[in-house]
Amino acid sequence: MTTRIAVVQHEDRCPLGLFARWWSAPDLVLDVRRPYAGDPLPEAGEAEGLVVLGGSMAATDDDRHGWLAGTRDLLREAVAVGVPTLGICLGHQMLAVACGGRVERNPAGKQMGVLPLGRTATAADDRLLGPVPPTARVLQWNDDIVVAVPPGARVLAATRDGVPQALRVGPAAWGVQFHPEADGAIVAGWAEPAGGGRAPTPGAPEALAGLRVAEAELAATWRPFANRFAAIAAEHTSPR
């Protein structure tokens, strides 16, 4: 039986990355939509799973990126009908906003580099994040953070200063502020200055170097996580 996962990609430099490589089984179909290139958004019920990727825009930057409001609607509907959903970085923030939470610029500055995953006690019995080792580390590369979680959401991981790193909304929708899908080649693009001749973001070269050292460790941790999400999606029956 074929499992279809719909993917919303917000820009070229934030692709599915490692997940595309890990999700290469013939019975797993990836339906990647690029609304910035004119692709229509998927509907919540047309696939067994939904992934919303990261991007450099803000979660409510609707004036410049017209598909964001529709993507938030899609996330809200996916939660309502129980479609297994995974929001990554921007997708995590959009999931929070769509379900009644709030996102703001991090007053402490950019979160960047390989950081410890601060699992909470709530994560112990979570079917997606629960099996992740308590010593796991994650790659983060974000300016905005969730400052108020949606009503009823479970915080599954947080940084030492209390910023949510992972949450679950309802029984089958997860948001992760970190990037389990990003490899060194993707992050190298993020570390480059946005304009010609500009200096790199302070700390970006060091963060990229740290990722290069940790790539094998991160892949060993997050490949099983990705495969668990695909398995959860395979258990879901879509109406298509």
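Preceding this paragraph is the structure being described.
Residues numbered from 1 in each chain as written. Predicted model: local features only at pLDDT ≥ 70, side-chain atom pairs only at ≥ 80, totals over all residues. Heavy atoms only, no water.

Colleague: Before we go on, may I ask you to explain helix α4 (residues 184-191) in this structure?
Modeller: It helps to recall that an α-helix has 3.6 residues per turn; residues three or four apart then point in one direction. Most of α4 is tucked away, with six of its eight residues classed as buried. Listed as buried for α4 are Gly 184, Ile 186, Val 187, Ala 188, Trp 190 and Ala 191. In this structure, the buried side of α4 is in contact with β7 (137-142) and α5 (204-235). (Buried < 20%, exposed > 50% of the residue type's maximum accessible area, 1.4 Å probe, protein only. Helix = DSSP H or I, 4+ residues; strand = E, 2+ residues; numbered from the N terminus. Contact = heavy atoms within 4.5 Å.)

Colleague: What am I meant to see in the packing of helix α2 (residues 68-81) against helix α3 (residues 90-98) here?
Modeller: Their axes nearest at 9 Å, the elements α2 and α3 cross at an angle of 70°. Regarding the angle of α2 to α3, the classification is roughly perpendicular. The segment α2 lies against α3, with Leu 68, Thr 71, Arg 72, Leu 75, Arg 76 and Val 79 engaging Gly 91, Met 94, Leu 95, Val 97 and Ala 98. For the contact of α2 with α3, a count of residues per class yields seven nonpolar, two polar and two charged. (Axes fitted to C-alpha atoms, helices over the stretch in contact; angles between N-to-C directions. Parallel < 35°, antiparallel > 145°, perpendicular 65-115°, else oblique. Nonpolar A, V, L, I, M, F, W, Y, C, P; charged D, E, K, R; others polar.)

Colleague: What is the right way to read the pattern of salt bridges from this model?
Modeller: If charged atoms from side chains of opposite charge come close, those side chains can pair. In total, this model carries 14 salt bridges according to the counting rule given. The residue Asp 73 makes a salt bridge to Arg 76 at a minimum N-O spacing of 2.8 Å. With a gap of three residues between them, Asp 73 and Arg 76 both fall in helix α2, about one helical turn apart. Here Asp 143 and Lys 110 are joined by a salt bridge, their closest N and O atoms 3.3 Å apart. Here the residue Asp 143 occupies a position in the loop between β7 and β8 (144-148), and Lys 110 occupies one in the loop between β5 (102-105) and β6 (111-116), the gap between them amounting to 33 residues. On the accessibility criterion, Lys 110 (32% relative accessible area) is partly exposed. Taken together, the shared-partner salt bridges in this structure form one network comprising Asp 31, Arg 33 and Glu 46. (Salt bridge = Lys/Arg side-chain N within 4 Å of Asp/Glu carboxyl O.)

Colleague: Sorry, what's going on with the packing of aromatic side chains here?
Modeller: Here a ring pair, both rings aromatic, is described through the centre-centre distance and the interplanar angle of the planes. This model, assessed by the stated rule, comprises seven aromatic pairs. Ring centres of Phe 19 and Trp 23 lie 4.9 Å apart, and the angle between their planes is 50°; this geometry places the pair in the tilted category. In this pair, the class of Phe 19 matches that of Trp 23, namely buried. When the ring of Trp 141 is compared with that of Trp 190, the centres are 6.2 Å apart and the planes differ by 50°; the resulting orientation is tilted. One end of the pair, Trp 141, is in strand β7; the other, Trp 190, is in helix α4, and 49 residues separate them in sequence. Trp 141 gets classed as buried once you look at its relative accessible area, which sits at 9%. Taken together, the aromatic side chains of Phe 19, Trp 22, Trp 23 and Phe 229 make up a single cluster linked through ring pairs. (Phe/Tyr/Trp six-rings, centres within 6.5 Å; stacked < 30°, edge-to-face > 60°.)

Colleague: What exactly am I supposed to notice about the packing of α4 against α5 here?
Modeller: Each pair of packed helices can be summarised by the angle the axes make with each other and by the distance between the axes. Following both chains from N to C, one finds α4 and α5 inclined at 175°, their axes separated by 10 Å at the closest point. It follows that α4 is roughly antiparallel to α5 by the angle criterion. Taking contact as the criterion, the partners of Gly 184, Ala 185, Val 187, Ala 188 and Ala 191 in α4 are, on α5, Ala 204, Leu 208, Leu 211, Arg 212 and Glu 215. Of the residues assigned to the contact of α4 with α5, the class counts are seven nonpolar, one polar and two charged.

Colleague: I keep staring at the sheet that holds strand β1 (residues 3-8) and nothing clicks. Help me out?
Modeller: Strand pairing within a sheet occurs via backbone hydrogen bonds; the two strands may be parallel or antiparallel. Taken in spatial order, the seven strands line up as β2-β1-β3-β4-β11-β10-β9 in an open sheet, and their pairing is mixed. Strands with a single pairing partner mark the edges of an open sheet, and in this sheet they are β2 (28-33) and β9 (154-158). Going across the sheet, the axis of each strand differs from the next one's by a mean of 15°, ignoring polarity. Bridging between β1 and β2 involves six bridges; their strand directions are parallel. Looking at the pairing, Val 7 lines up with Val 32 of β2. (Pairing = 2+ DSSP bridges.)

Colleague: Would you explain the pairing of β9 in this entry?
Modeller: The side chains of a regular strand alternate between the sheet's two faces. With four bridges connecting them, β9 and strand β10 (residues 164-169) associate as antiparallel partners. For Ala 158, the partnering residue across the bridge sits in β10 and is Pro 164. A loop of five residues connects β9 with β10, the two strands running antiparallel in sequence, and Gly 162 in this loop sits at a positive phi of about 90°.

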